[in-house]
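# An overview of the molecular structure
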Amino acid sequence: MQSQRPVLVQQQRLKLSPQLYQSIQLMALPLVDLRQRIADELEANPALELVRDGNTVSLEDRPDRADGADGDPTIFRDDVSYDVSYGGGYDFEGRDNKHSFIEGALARPESLQDHLVQQLRLQPVNDDVAAVAELLIHSLDENGFLRESPEKIVPAELQPYIGEAQALVSQLDPLGTCVMNYRESLQVQLAMLDEVPAIAAEIVGSHLDMVQKQRFSELARKLRSDEETVMRSVAIIKTLNPFPGRLYSADTPRYIIPDLSIENRDGELVIVMNDDVVPVLGVNDFFSELGRQGSKGDKSFAKGYVKNAQWFINSIELRNQTLFKVARAIVDFQREFFFRGAKYLRPLTLKDIADEIEVHETTVSRITSSKYVQTEWGIYELKYFFSNSVGGSSKDSPYSKEGVKQIIKEILDEAAGSRLSDQKISDLLQKRGITIARRTVAKYRKELDIDSSYER
């Protein structure tokens, strides 16, 4: 008979505690998200308190405060409106309405739907066509295209007006909306232009793939036209907007706040952390005292919150220290870049930095993700400074991918007016000791958003 008995087994496992997981998360957060994470933690943990917020200015420190430097109350005034009918009394409602209007005007840009509806109301059309057109307008996506067929949007009794309404909306500004895809949008825009070759609409309808591959001679034979007409048609098509609705995108812009800056001060590179954006946190004195002298239940309650608050503060400090160490190592490796520009960017890998500051590569990857540094050459993501070598490992080749791209750009700028082919650029790079194939030159040129020699 089989019996059961307890058995001790020794195992080794990697397990993340909640605190360690929190620390890893904070490593990867950019400044904007870190501020939001701090605000959430302040709300959730009563033992954590805000000591100082660099983005907050007290009335005492304001240069435009109401009493001014010399007590003059006229130096600073809010937007005050006065109600004459009440003897010049302060009109709070008028002020609030004015503020609401200004805030609304700044915070809500005109949407594509608003822009089209305003134009539609000025068109001399009957009510049924206008009603169908407005239904179609409110069914457009961010590209200006219909999300589904008009027959599913418009009621049965109004469907005879779909064609007229759709044609009307597609000719409003921006041209080419209220269609099903970008090909139809381009065809609408072509139809509104004068002196367009007849083959342009056929190219848009069936041969854009050949245009993308630059097979113009083959395209001319296929359309029974000459190559000059094909090139003229392609040039016209390139001036059109395949996604007209994006001109009125309502997406909120995401602003970049550099986590640090690197300055050249009399030949010395100085790293300046952007500490003012991160609030200074502390542990609440009341909770600390309660954890020491309160009752047994109060001590247990307070100590848990105090411990979490201290861990959160330490995690932010660790994040900042690691970020500084990584930035210092990058400066050491990429010193020539900070003095002379992007052309002198050296090959650099995550392992190089990890070995230098004695951490794991994943830590370097997290701390450089979505972090930005301000330099004399512009604002760059920290990931920008990690670049593969060209023609060998990072120890064998002095040229990085980004550095070679800048050299290619420099060659093309120096040869302005002459059409250097990718093979010619490859030959010129060879003379500088940089060996890369023609197709690699073409790849780098496209990443720089530079047209081919034929299009230039």
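Residues numbered from 1 in each chain as written. Predicted model: local features only at pLDDT ≥ 70, side-chain atom pairs only at ≥ 80, totals over all residues. Heavy atoms only, no water.

### Considering the side chain of arginine 319
Mapped onto the fold, arginine 319 is located in helix H14 (residues 296-333). For arginine 319, a relative accessible area of 1% gives the class buried. In this structure the side chain of arginine 319 is engaged in a polar contact, spanning 3.3 Å, whose partner is the backbone oxygen of leucine 26. If near-sequence neighbours (up to four positions away) are discounted, arginine 319 is found in contact with Leu26, Met27, Leu29, Pro30, Leu31, Leu34, Asp259, Ile367 and Lys371. (Helix = DSSP H or I, 4+ residues; strand = E, 2+ residues; numbered from the N terminus. Buried < 20%, exposed > 50% of the residue type's maximum accessible area, 1.4 Å probe, protein only. Polar contact = N/O pair within 3.5 Å; in protein donor to acceptor, adjacent residues only side chain to side chain. Contact = heavy atoms within 4.5 Å.)

### Describing helix H17 (residues 361-368)
Thr363, Val364, Ile367 and Thr368 are the residues of H17 that are buried. Projected onto a plane normal to the axis of H17, the buried residues spread over an arc of 120° and lie on a single side. Backbone geometry just downstream of H17 places serine 370 in the positive-phi region, at approximately 60°. (Arc of directions from axis to C-beta.)

### Structural notes on the packing of aromatic side chains
Counting across every chain of the model gives 14 aromatic pairs. Ring centres 6.0 Å apart and planes at 45° place the aromatic pair phenylalanine 145 and phenylalanine 243 in the tilted group. Highlighted residues: phenylalanine 145 in the loop between helix H5 (127-137) and helix H6 (150-153) and phenylalanine 243 in the loop between helix H12 (227-238) and strand E4 (260-265), separated in sequence by 98 residues. Taken together, Phe337, Phe338, Tyr380, Tyr384 and Phe385 form an aromatic cluster joined through their ring pairs. A cation over an aromatic ring shows up here: arginine 246 above the ring of phenylalanine 243, its NZ or CZ 4.1 Å from the ring centre. (Phe/Tyr/Trp six-rings, centres within 6.5 Å; stacked < 30°, edge-to-face > 60°. Lys NZ or Arg CZ within 6 Å of the ring centre and 35° of its normal.)

### Some points on the side chain of threonine 177
Residue placement: threonine 177 occurs in the loop between helix H7 (162-170) and helix H8 (182-191). The residues touching threonine 177, leaving out its near neighbours within four places in the chain, are Leu112, Leu116, Leu140, Gly144, Val169, Ser170 and Pro244.

### Here we look at the pattern of salt bridges
One pass over the structure, following the stated rule, counts 10 salt bridges. For the salt bridge of arginine 215 with glutamate 218, the shortest nitrogen-to-oxygen distance reads 2.9 Å. The exposure class of glutamate 218 is partly exposed, given its relative accessible area of 33%. The salt bridge involving arginine 445 is made with aspartate 422; its shortest N-O contact spans 2.9 Å. In this pair, arginine 445 sits in helix H20 (residues 438-447) while aspartate 422 sits in helix H19 (residues 422-431), placing the two residues 23 residues apart along the sequence. Here arginine 445 falls in the buried class, since its relative accessible area comes to 5%. (Salt bridge = Lys/Arg side-chain N within 4 Å of Asp/Glu carboxyl O.)

### Quick notes on the nonpolar core
Residues Ile262, Ile330, Phe337, Phe338, Ile353 and Phe385 are the most contacted members of the largest nonpolar core, which totals 28 residues. Those elements that place two or more of their residues in this core are E4, strand E5 (268-273), H14, helix H15 (335-340), helix H16 (350-357) and H17. A per-element tally of this core places H14 first, with 6 residues. Apart from residues lying up to four places away in sequence, phenylalanine 385 is in contact with Ile330, Gln334, Phe337, Phe338, Leu345, Arg346, Leu348, Val373 and Tyr380. (Core = buried A, V, L, I, M, F, W, Y, C linked by side-chain atoms within 4.5 Å.)

### Notes on the sheet that holds E4
The pairing of strands in a sheet comes from backbone hydrogen bonds and takes either a parallel or an antiparallel form. Taken in spatial order, the 4 strands of this open sheet run E5-E4-E7-E8, and their pairing is mixed. Each of the sheet's edge strands pairs with one partner strand only, and the pair in question is E5 and strand E8 (378-381). For this sheet, the mean angle separating the axes of adjacent strands, direction not counted, is 25°. Pairing geometry for E4 and E5, over 6 bridges, is antiparallel. What sits directly across from glutamate 263, in E5, is valine 270. Across the sheet, H14 is in contact with E4 and E5; its angle to E5 comes to roughly 160°. (Pairing = 2+ DSSP bridges. Axes fitted to C-alpha atoms, helices over the stretch in contact; angles between N-to-C directions.)

### Notes on the pairing of E5
Where burial is concerned, the two faces of E5 differ: the one with Leu269, Ile271 and Met273 is buried and the one with Glu268, Val270 and Val272 is not. Here E4 folds back onto E5 in antiparallel fashion, the turn holding 2 residues, of which aspartate 266 has a positive phi close to 55°.

### Focus: the environment of alanine 47
Inspection of the secondary structure assignment puts alanine 47 in the loop between helix H2 (31-44) and strand E1 (48-52). With relative accessibility at 0%, the residue alanine 47 sits in the buried group. For the pair alanine 47 and glycine 304, spaced 257 residues apart in sequence, the C-alpha separation works out to 9.1 Å. Ignoring anything within four residues of it in the chain, the contact list for alanine 47 reads Gly282, Val283, Asn284, Phe287, Tyr305, Val306 and Ala309.

### A short note on unusual backbone geometry
Residue proline 174 follows aspartate 173 across a cis peptide bond; omega there is 0°. Within the secondary structure, proline 174 sits in the loop between H7 and H8. Non-glycine residue cysteine 178 carries a positive phi angle of around 65°. With respect to the helices and strands, cysteine 178 occurs in the loop between H7 and H8.

### Considerations on H20
All buried positions along H20 are accounted for by Val441, Ala442, Tyr444 and Arg445. All buried residues of H20 project into a common sector of 165° when viewed along the axis, lining one side. Projecting away from the buried face of H20 at angles above 90 degrees are the exposed residues Arg439 and Lys446. Buried residues in H20 make contact with helix H18 (401-414) and H19. Immediately downstream of H20, the backbone of aspartate 449 shows phi near 60°, a positive value.

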